[in-house]
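Chain and residue survey
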Amino acid sequence: MDVQIEEGWKRALAPEFEKPYFEQLTGFVRQEYRTTAVYPPGRLIFNAFNLCPFDKVKVVIIGQDPYHGPGQAHGLCFSVNDGVPFPPSLQNIFKEIHDDLGTPIPASGNLTRWAQQGVLLLNATLTVRAHQAGSHQGRGWETFTDAAIRTLAESREHLVFILWGAYAQKKGAFIDREKHLVLTSVHPSPLSAYHGFFGNKHFSRANAYLAKHGETPIHW
């Protein structure tokens, strides 16, 4: 199957595109876009991969589902389009960056600037029905994104994997801690942020690890 995705990812994930689950997933997603409102826009389903080529990945942040409100999702976990109010988790992420690194809270919640520096902002599920959180879970996306994480973890060294919350930690449980830096804490959502997200210093720790291994730190 010819999938429109960045060439490095296309090579790395080529076996997945030929598997029966991916064919079934593609059929389901196409039907959903034809018959109902689905986010993100179809051209942005693989935005995380296209903005962050396989060979350029330095950091992986794992989310769960795209935002399901109008105009929010654009294919990057936790990120929203310019001009969209910050969702609560993103507010807390920016607060932790400010407290950790002293940088000001940005005017936009669009994290394209991170992706272009090598941060793969990967949701476990890449599409969702409008106003129906979790509506595309269990259809095959999780298998596909597991394969993306596994391919990175096995073929690259000295990456930073940031796993917030039980879901992300379970998804990244297999990652070799000797080969990569794996940072874990509770999720930045308001329900849990005060129980170990604030003060985790993941952003400075990620940058220190990248610098130690000869990589340019991320301008968070």
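As the structure is a prediction and not an experimental result, all values here were calculated from the model.

1. Quick look at the overall build of the protein chain
The helix and strand tally for the protein chain stands at 9 helices and 6 strands. Scaling as 2.2 N^0.38, a compact globule of 220 residues should have a C-alpha radius of gyration of about 17 Å, and the protein chain matches this with 17 Å. By principal-axis analysis of the C-alpha atoms, the protein chain measures approximately 45 × 35 × 25 Å. In the protein chain, buried positions account for 54% of the 220 residues. Within the protein chain, residue pairs in contact and separated by at least 24 positions form 65% of the contacts whose partners lie at least 6 positions apart. For the protein chain, the computed accessible surface area is about 10100 Å², with 52% contributed by carbon and sulfur atoms. Of the charged side chains in the protein chain, 21 are positive and 20 negative, and the gap between their average positions amounts to 2 Å.

2. Here we look at the sheet that holds strand S3 (residues 119-123)
Read from one edge to the other, the open sheet built from 4 strands follows the order S3-S2-S5-S6, with strand pairing classed as parallel. The sheet is open, and its two edges are formed by S3 and strand S6 (181-185), each paired on a single side. Recorded for the sheet is a direction-independent mean angle of 15° between the axes of neighbouring strands. Packed onto the sheet, helix H9 (residues 202-212) meets strand S2 (59-63), strand S5 (160-164) and S6 and runs at close to 175° relative to S6.

3. Concerning helix H5 (residues 88-101)
Turn by turn, an α-helix covers 3.6 residues, leaving residues three or four places apart pointing in a common direction. With 14 residues, H5 ought to run about 20 Å at 1.5 Å a step, and its terminal C-alpha atoms sit 20 Å apart, in line with that. Those residues of H5 not exposed but buried are Ser 89, Leu 90, Asn 92, Ile 93, Phe 94, Glu 96, Ile 97 and Asp 100. Turning to H5, the residues buried within the fold contact helix H6 (112-115), S5 and H9. Just downstream of H5, Gly 102 is the residue with a positive phi angle, here 80°.

4. Structural notes on the packing of aromatic side chains
Taken as a whole and judged by the stated rule, the model has 20 aromatic pairs. Summarising the aromatic geometry, the rings of Trp 114 and Trp 220 are spaced 4.8 Å apart at their centres and angled 90° between planes, so their arrangement reads as edge-to-face. Taken together, the positions of Trp 114 in helix H6 and Trp 220 in the segment after H9 put the pair 106 residues apart, joining distant regions of the chain. When the centroid spacing of 6.0 Å and the interplanar angle of 65° are considered together, the rings of Trp 141 and Phe 144 count as edge-to-face. Of this pair, Trp 141 and Phe 144 are both found in helix H7 (residues 141-155), 3 residues apart, which corresponds to roughly one turn of the helix. Across this residue pair, the class does not change: Trp 141 and Phe 144 are buried. Ring pairing ties together the aromatic residues Trp 9, Phe 17, Tyr 21, Phe 22, Phe 46, Phe 49, Phe 54, Trp 141 and Phe 144, which thus form one cluster. Looking at Lys 95, its charged tip hangs above the ring of Phe 198, at a distance of 4.7 Å from the centre.

5. What about the nonpolar core?
If you look at the biggest cluster of nonpolar residues, it comprises 70 residues, and the most contacted ones within it are Phe 49, Ile 61 and Trp 114. Broken down by element, the residue count for this core peaks at 7 residues, all from H7. Among all residues touching Trp 114, those that are not within four sequence positions of it are Ile 61, Ile 93, Phe 94, Ile 97, Val 119, Leu 121, Phe 203, His 219 and Trp 220.

6. Focus: the pattern of salt bridges
Working definition: two side chains of opposite charge can pair if their charged atoms are close together. Applying the stated criterion to the full structure yields 6 salt bridges. With a shortest N-O distance of 2.9 Å, Lys 19 and Glu 16 are connected by a salt bridge.

7. Observations concerning the packing of H5 against H9
At their nearest, the axes of H5 and H9 sit 8 Å apart, and the two run at 60° to each other. Regarding the angle of H5 to H9, the classification is oblique. For the pair H5 and H9, the contacting residues are Ile 93, Glu 96, Ile 97, Asp 100 and Leu 101 in the first and His 202, Phe 203 and Ser 204 in the second. Looking at the contact of H5 with H9 residue by residue, the classes come out as 4 nonpolar, 2 polar and 2 charged.

8. Concerning the pairing of S5
Counted residue by residue, S5 has 5 buried out of 5 residues, so it is predominantly covered. Residues of S5 alternate between two faces, with Val 160, Ile 162 and Trp 164 on one and Phe 161 and Leu 163 on the opposite face, all of them buried. Of the pairings in the sheet, the one linking S2 to S5 comprises 4 bridges and is parallel in character. Bridging across to S5, Val 60 finds its partner in Phe 161. With helix H8 (residues 165-171) bridging S5 and its parallel neighbour S6, the resulting β-α-β unit is right-handed.

Analysis parameters
- Residues numbered from 1 in each chain as written.
- Predicted model: local features only at pLDDT ≥ 70, side-chain atom pairs only at ≥ 80, totals over all residues.
- Heavy atoms only, no water.
- Helix = DSSP H or I, 4+ residues; strand = E, 2+ residues; numbered from the N terminus.
- Rg over C-alpha atoms; globule rule 2.2 N^0.38 Å.
- Buried < 20%, exposed > 50% of the residue type's maximum accessible area, 1.4 Å probe, protein only.
- Contact = heavy atoms within 4.5 Å.
- Areas by Shrake-Rupley, 256 points an atom, 1.4 Å probe, with all protein chains shown as cover.
- Lys, Arg positive; Asp, Glu negative; His and termini not counted.
- Charge placed at Lys NZ, Arg CZ, Asp CG, Glu CD.
- Pairing = 2+ DSSP bridges.
- Axes fitted to C-alpha atoms, helices over the stretch in contact; angles between N-to-C directions.
- Expected span 1.5 Å × (residues − 1).
- Phe/Tyr/Trp six-rings, centres within 6.5 Å; stacked < 30°, edge-to-face > 60°.
- Lys NZ or Arg CZ within 6 Å of the ring centre and 35° of its normal.
- Core = buried A, V, L, I, M, F, W, Y, C linked by side-chain atoms within 4.5 Å.
- Salt bridge = Lys/Arg side-chain N within 4 Å of Asp/Glu carboxyl O.
- Parallel < 35°, antiparallel > 145°, perpendicular 65-115°, else oblique.
- Nonpolar A, V, L, I, M, F, W, Y, C, P; charged D, E, K, R; others polar.
- Right-handed = clockwise from strand over helix to strand, strands pointing away.

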